[in-house]
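# Chains, contacts and geometry: an overview
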Amino acid sequence: MDIGHLKQHSDLNFKVAQAKKNALERLRSRQLMAYNERLFQADANTINLVSTLKQHSQDFYVLDANDNPCHITDPEEFLDRLIERNQETLNAYHQLHQDLANKRSK
Amino acid sequence: MTTGVLMYCFDTPEVNYHRLAERCVAQIRKYLKLEITMVTNLETFKKIKPLGMINYKLVDNKTTNTRPYRGKSVAWHNKERALAYDHSPYDTTILMDCDYFVFSTTLLELANTKFDVMLHDRVEDITGEDMILGKNESTLPLVWATVTLFQKTANARRVFDMIQHVQQYYPHYQNLYRIRYPNYRNDYAFAIALHQLKLGNFIPTPMAMLADRVDIIDSDDEGIVFKYDDCVNFTSGQDVHIMEKEWCDG
């Protein structure tokens, strides 16, 4: 493979890597969710935490994204909203990921 | 409880900020659907095209500051922001530069939480070239005043009073915090006020940003296409601070 061809691949991979990085930042930004006047990230950590605590009690406290305590009195509803937002953002990211994979395989 | 957007827009001899503001308003209408108040001067107000229902507040702004832009020193009318607490008619205010463009509803989520003052303390250069942040620019934890959310609380009042004080004695604070940037900059004034008062919440995700040497070559209401060096890339569905000032001139 000549160096010109390698450079083309390198440029493409740089663009794809940057697009992926931006898409992940956008995903994290879209995962921000207000609940009971507090701010949460609808990511795997929050979902796992709420899911685990919910198995022990229907009324508990968690820290929000700015380390402020939030009283959760309806964990079912909170978890549903977290999962909905999480999957909405991951679905959008999945579509972009597919597009990028197609670009790379061309 | 009322929530709205507060913007400052003053044309300078070099930059048609009113064109940026017109585009900014269109994006706010599409994604945030909030009431807007624009603080401007008479000269700029006359140039703004009819934008529908907007509250205008006309002021005589200070015109004593400058900034470097693409190798030149240009006028920079940025000192009125210190009065945002008094200018805002809202309980929850999204104070926004007119070169910040919303392409998502993220700011609505932030506005629906409880805080005194909330702003970005991190930025993400979406070109991946790290053109934004310099090294050792001050001894201060930097914040970005581009988008600042505040609620009408006693603490927020104190923050804005402190910003006005910092603006008045800026050379002293500039020296104290070893700030290299020679001109008055709101990012530093806000950072100093929050540092002195030990207040403020930060937006958990970084602010997407494009440096002034990046050209915007196309846009629609969902995103923008940008060019730097030989690279062309795009962003969509992501709020972004664009430092190039001519892209809305047509």
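First things first, this report covers the structure right here in the doc. (Residues numbered from 1 in each chain as written. Chains lettered and ligands numbered in written order. Predicted model: local features only at pLDDT ≥ 70, side-chain atom pairs only at ≥ 80, totals over all residues. Heavy atoms only, no water.)

## What about the sheet that holds strand β2 (residues 35-40) of chain B?
Residue and element names in this part refer to chain B.
- In spatial order, the strands read β3-β2-β1-β6-β10-β8-β11; together these seven strands make up an open sheet with mixed pairing. Looking at which strands have only one partner, the edges of the open sheet turn out to be β3 (55-58) and β11 (201-202).
- Alignment of strand β1 (residues 3-9) against β2, held across six bridges, turns out to be parallel. Across the sheet, the residue bridging to Met 7 is Met 38, located in β2.
- Along the sheet face, helix α5 (residues 154-168) touches β6 (92-97), β8 (117-120) and β10 (144-151) and points at about 145° away from the line of β10.
- Where helix α7 (residues 186-197) meets the sheet, it contacts β6, β8 and β10, and its direction lies at approximately 45° from that of β10. (Pairing = 2+ DSSP bridges. Helix = DSSP H or I, 4+ residues; strand = E, 2+ residues; numbered from the N terminus. Contact = heavy atoms within 4.5 Å. Axes fitted to C-alpha atoms, helices over the stretch in contact; angles between N-to-C directions.)

## Topic: the pairing of strand β4 (residues 69-72) of chain A
Residue and element names in this part refer to chain A.
- Across the two faces of β4 the burial differs, with Cys 70 and Ile 72 buried and Pro 69 and His 71 not buried at all.
- Alignment of strand β3 (residues 60-63) against β4, held across four bridges, turns out to be antiparallel. Residue pairing in the sheet places Phe 60 in a bridge with Ile 72 of β4.
- What sits between the antiparallel neighbours β3 and β4 is a turn of five residues, in which Asp 67 has the positive phi angle 65°. (Buried < 20%, exposed > 50% of the residue type's maximum accessible area, 1.4 Å probe, protein only.)

## Focus: the state of the cysteines
Residues and elements named next belong to chain B.
- Taken as a whole, this structure holds zero disulfides over all chains when the rule is applied.
- Here Cys 9 stays unpaired: no disulfide links it, and the sulfur of Cys 98, its closest cysteine neighbor, is 4.6 Å away.
- By relative accessible area, which is 0% here, Cys 9 ends up buried. (Disulfide = S-S within 2.5 Å.)

## Quick look at the environment of Gln174(B)
Residues and elements named next belong to chain B.
- Here Gln 174 lies in helix α6 (residues 170-176).
- With a relative accessible area of 17%, Gln 174 lands in the buried category.
- Those residues in contact with Gln 174, other than ones at most four positions away along the chain, are Ile 179, Tyr 181, Pro 182 and Asn 183.
- From its side chain, Gln 174 meets the backbone oxygen of Pro 182 in a polar contact 3.2 Å long. (Polar contact = N/O pair within 3.5 Å; in protein donor to acceptor, adjacent residues only side chain to side chain.)

## Looking at the interface of chain A and chain B
- In this complex, chain A contributes 21 residues to the contact, which on the side of chain B involves 27 residues.
- Around 2,100 Å² of area is buried between chain A and chain B when both sides are counted, 50% of it from carbon and sulfur atoms.
- In terms of surface lost to chain B, no three residues of chain A exceed Asn22(A), Arg26(A) and Glu37(A), which account for 23% of the buried area on that side.
- For the pair chain A and chain B, the interface holds two salt bridges.
- Linking Glu124(B) and Lys21(A) is a salt bridge whose minimum nitrogen-to-oxygen distance equals 3.1 Å.
- Across the contact surface, chain A and chain B share nine residue pairs in polar contact (both at pLDDT 80 or more).
- Elements that contribute at least two residues to the side of chain A that touches chain B include exactly α1 (3-30), β1 (32-35) and β2 (38-41) of chain A.
- The residue makeup of the side of chain A that touches chain B, split by class, is six nonpolar, six polar and nine charged. (Buried area = accessible area lost by both parts, 1.4 Å probe. Salt bridge = Lys/Arg side-chain N within 4 Å of Asp/Glu carboxyl O. Nonpolar A, V, L, I, M, F, W, Y, C, P; charged D, E, K, R; others polar.)

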